[in-house]
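Observations on the three-dimensional arrangement
So you can see what is in the structure, the chains are spelled out below.
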Amino acid sequence: MSGDKIPKDHAEELGDCFAAYSRGLFGYACALTRGDHALADDLVQSAFMAAARQWSTMRSLRDAQRLRWLQTTVGHLAISRFRHSGAFGDRLPQLEAVSRPPPADTHADAVSAIALQRCWQAIQALPPQQHAVAVMRWLLGMTNSQIAATLDIADGTVAAHLSAVRGKLKAALGPYDPFGSEDGPAS
């Protein structure tokens with residue numbers, strides 16, 4: 001067989017071989033796989049694909065030898081699948097544990113959402129320049145220097161506004177301040 005093409009006479013012989021042995025091989029594969037029909041189908045198909053690759057040798061075998069070769073191939077393929085599945089199955093709980101998201105903390109999520117909503121309400125009520133500084137810092141992630149350049153004010157004024165806003169947020173939100181002591185990006 002050259003490449004993926006099977007010569008026509010080989011294809012016909014392989015088709016006859018499939019017609020003669022596939023049903024029995026499927027039963028054999030079902031016994032090996034404890035009734036897993038999908039896996040049995042895969043094993044039989046894989047065995048005949050291997051036979052197609054070896055057909056120049058297989059075609060000269062007697063019927064009993066050809067059947068034994070196909071059964072042996074199905075057996076080896078089944079063992080390979082079982083080993084792969086077993087190795088994967090042993091690692092599956094570890095893989096699931098690593099990839100499973102932590103359970104939702106609905107109480108913490110709700111408190112955080114309410115605190116964040118109250119925070120932005122408090123920011124909306126700020127004087128215009130403090131509001132602009134807070135939005136640029138915490139919504140847009142700008143540094144003190146970037147805010148100062150945008151608003152054409154001194155870096156120290158930006159820092160003073162942020163300090164004043166933080167104080168107002170702490171007073172309004174108490175322990176639910178979602179920013180904590182975090183200022184955001186450094187200047």
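Here's a quick rundown of the structure. Just so we're clear, the structure is a prediction, and the values are computed from it rather than from any experiment.

Thresholds applied
- Residues numbered from 1 in each chain as written.
- Predicted model: local features only at pLDDT ≥ 70, side-chain atom pairs only at ≥ 80, totals over all residues.
- Heavy atoms only, no water.
- Helix = DSSP H or I, 4+ residues; strand = E, 2+ residues; numbered from the N terminus.
- Buried < 20%, exposed > 50% of the residue type's maximum accessible area, 1.4 Å probe, protein only.
- Contact = heavy atoms within 4.5 Å.
- Areas by Shrake-Rupley, 256 points an atom, 1.4 Å probe, with all protein chains shown as cover.
- Patch = residues over 30% accessible without salt bridge, like charges linked within 9 Å, V, L, I, M, F, W, Y side chains within 5 Å.
- Salt bridge = Lys/Arg side-chain N within 4 Å of Asp/Glu carboxyl O.

Considering the overall build of the protein chain
In terms of helices and strands, the protein chain carries eight helices and zero strands. Ordered by position in the sequence, the α and β elements of the protein chain form the string α-α-α-α-α-α-α-α. Relative to its 187 residues, the protein chain shows a buried fraction of 28%. Long-range contacts, defined here as pairs at least 24 residues apart, represent 58% of the contacts in the protein chain between residues at least 6 apart. Accessible surface, the protein chain as shown: approximately 12100 Å² in total, 56% of it carbon and sulfur.

Considerations on unusual backbone geometry
Although it is not a glycine, Arg 34 sits at a positive phi angle of roughly 55°. Turning to its location among the elements, Arg 34 is positioned in the loop between α1 (8–32) and α2 (37–53). The class of Arg 34 is exposed, set by a relative accessible area of 81%. Although it is not a glycine, Asp 152 adopts a positive phi angle of roughly 55°. For Asp 152, the location among the structural elements is in the loop between α7 (144–151) and α8 (155–173). Since its relative accessible area comes to 71%, Asp 152 is described here as exposed.

Points about a nonpolar patch on the surface
Taken together, the side chains of Tyr 28, Leu 32 and Phe 82 make up a nonpolar region of the molecular surface, amounting to roughly 230 Å² of accessible area. Tracing the backbone shows Tyr 28 in helix α1. Taking relative accessible area as the criterion, Tyr 28 reaches 31% and is therefore assigned partly exposed.

Digging into the environment of His 131
Its place among the elements puts His 131 in helix α6 (residues 128–139). Residue classification places His 131 among the partly exposed residues on the basis of a relative accessible area of 22%. Once the C-alpha coordinates of His 131 and Val 165 are considered, the two residues, 34 residues apart in sequence, prove to be 8.3 Å apart. Dropping the residues within four chain positions of it, His 131 is found in contact with Ile 123, Gln 124 and Leu 126.

Function cannot be inferred from these measures alone, as they are strictly geometric.
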